[in-house]
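# Analysis of the macromolecular model
Listed here are the chains, written in short residue letters.
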Amino acid sequence: MKTEILKIEDLSTQEKDISRAAEIICRGGLVVFPTETVYGIGGNGTDAAAATAIYRAKGRPSDNPLILHLETPEQAEKYAITNETYYKLAAQFMPGPLTVILPKKDTVPSTVTGGLDTVALRCPAHPVANALIRAAGVPIAAPSANLSGKPSPTLAAHVIDDLSGKVDMIIDGGASEVGLESTIVSLDGEVGTLLRPGAITYDALCCVCKEVRVAPAVLEGLAKNERPLSPGMKYRHYAPRATLTLLDGDDSSIKAFMRSVATTKGIGLLCYNEEIPLLPTDSTLFPVGAQDDLATQAHRLFAVLREADDHPNITTLYAHLPPKDGLGLALYNRLIRAAAHTIKKV
Ligand code: AMP
Ligand code: MG
């Protein structure tokens, strides 16, 4: 398949381009589009065949459900059984990087939900994503636009690497602002369960829901034979080619450890910007941002993991173990998966 790359420079003058992309969705094709979290690989969310095509293009197991992307929170009425808490969350966080899980209606093919009787709903804030959904006139089913097992794409170049020749169109809308996938919360009445942390933090959800539980798999690995609340949790995600180990200790111990291994052949360090001048000039560094700037670390994380993958000689990577509060929880959750839960105390 030939993949068209469409660059959006000025949405206000490119209405025809968006209409063309929407036509592809409506006739059952696949379009990769930018969102504020990561890039998504989209198809018609009411068409089981389009969902099957998404699983195939990504190489994703078909029991790992897709997220239904809507233009407005109210469109959920057609696809899910909503409740008051959904609308309270929507008023605070939609459009934005929040996905809500609700009981599904028959209008959503079970292929989209991986056979589950619930559906994941999100209203993206990115103007290109929003324009595409509006023009298509249908909800767009989309997971992240990476090959299964690779880090989620935050630049069109990442998508081109992974999905060229496998989708009809890739829309290049620049770098994804957040850089980590949406927060996922499952709702049972007023009680929420956090299934995947993201830019909408646990504390932010607590301001709206009566109670927010944290699914154990957010912080830990799944026990053998444990059934995950979110099917995506059971797959090893975001695995870099090199072995990644997270360093747990105080700042000075971590710096000392990094300095001691920095020039060893094959080692790369995901370091804070402040650490660059403290490490030998011939070490291989992948700066993630300033120590206190978690938003930049989130924005850069997946791009940095891909840079490390593209580096010819790196076999071992070390990174800081993120804090577990605020946006740190989302970074922690992605990094422990990338590291297959390998933590070294220093
Ligand atoms: P991705 O955007 O690639 O991260 O994929 C969507 C994520 O949403 C997957 O990890 C799914 O497991 C999760 N998800 C989608 N639908 C549901 C659902 N009905 N229940 C729980 N998790 C879901
Ligand atoms: Mg994904």
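Our structure's up above, just so we're on the same page.
Residues numbered from 1 in each chain as written. Chains lettered and ligands numbered in written order. Predicted model: local features only at pLDDT ≥ 70, side-chain atom pairs only at ≥ 80, totals over all residues. Heavy atoms only, no water.

From N to C terminus, the protein includes nine helices and 16 strands. A globule of 346 residues ought to have a C-alpha radius of gyration of about 20 Å, and the protein, at 20 Å, matches this closely. For the protein, the C-alpha atoms occupy an extent of roughly 60 × 45 × 40 Å along the three principal directions. Every one of the 346 residues in the protein was classed for burial, and the buried ones make up 56%. For the protein, the distance from the average site of its 34 positive side-chain charges to the average site of its 39 negative ones is 6 Å. (Helix = DSSP H or I, 4+ residues; strand = E, 2+ residues; numbered from the N terminus. Rg over C-alpha atoms; globule rule 2.2 N^0.38 Å. Buried < 20%, exposed > 50% of the residue type's maximum accessible area, 1.4 Å probe, protein only. Lys, Arg positive; Asp, Glu negative; His and termini not counted. Charge placed at Lys NZ, Arg CZ, Asp CG, Glu CD.)

Here the focus is the sheet that holds strand S11 (residues 211–214). Pairing in this open sheet of eleven strands is mixed, and the strands run S1-S8-S2-S3-S7-S4-S6-S5-S9-S10-S11 from one edge to the other. Here the strands that pair on one side only, and so sit at the sheet edges, are strand S1 (4–7) and S11. Shown here is a sheet whose adjacent strand axes are inclined to one another by a mean of 30°, direction ignored. When strand S2 (residues 31–33) meets strand S3 (residues 40–44), the two strands line up antiparallel, connected through three bridges. Its bridge partner being in S3, Val31 is matched across the sheet by Gly42. Packing of helix H3 (residues 84–93) onto the sheet brings it into contact with strand S5 (98–103) and strand S9 (183–188), and relative to S5 it is tilted by some 165°. (Pairing = 2+ DSSP bridges. Axes fitted to C-alpha atoms, helices over the stretch in contact; angles between N-to-C directions. Contact = heavy atoms within 4.5 Å.)

Here the focus is the packing of aromatic side chains. The full count for this structure, using the stated rule, is two aromatic pairs. A centroid spacing of 5.0 Å and a plane angle of 80° characterise the contact between Tyr86 and Tyr87, whose relative ring orientation is edge-to-face. Residue Tyr86 is classed as buried on the basis of its relative accessible area of 0%. Looking at Tyr87, the relative accessible area reads 28%, which means it is partly exposed. Arranged with centres 5.0 Å apart and planes meeting at 80°, the rings of Phe257 and Tyr318 form a pair that is edge-to-face. Separated by 61 residues along the polypeptide, Phe257 in helix H7 (residues 251–261) and Tyr318 in strand S15 (residues 316–320) bring together distant segments of the chain. The exposure classification of Phe257 matches that of Tyr318, with both residues buried. (Phe/Tyr/Trp six-rings, centres within 6.5 Å; stacked < 30°, edge-to-face > 60°.)

The two faces of a sheet get side chains in turn, since along a regular strand they alternate between them. Pairing geometry for S5 and S9, over four bridges, is parallel. Each bridged residue has a counterpart across the sheet, and for Thr99 the counterpart in S9 is Ile184.

All right, on to the sheet that holds S15 then. Strand order in the open sheet made by the five strands is S14-S13-S15-S12-S16, with parallel pairing throughout. A single partner strand is all that each edge strand has here, and the edge strands are strand S14 (284–285) and strand S16 (343–345). Packing against the sheet, H7 makes contact with strand S12 (243–248), strand S13 (267–270), S15 and S16, and its axis sits at approximately 165° to S15. Each of S12, S15 and S16 touches helix H9 (residues 328–338); the most contacted strand, S12, lies at about 135° to it.

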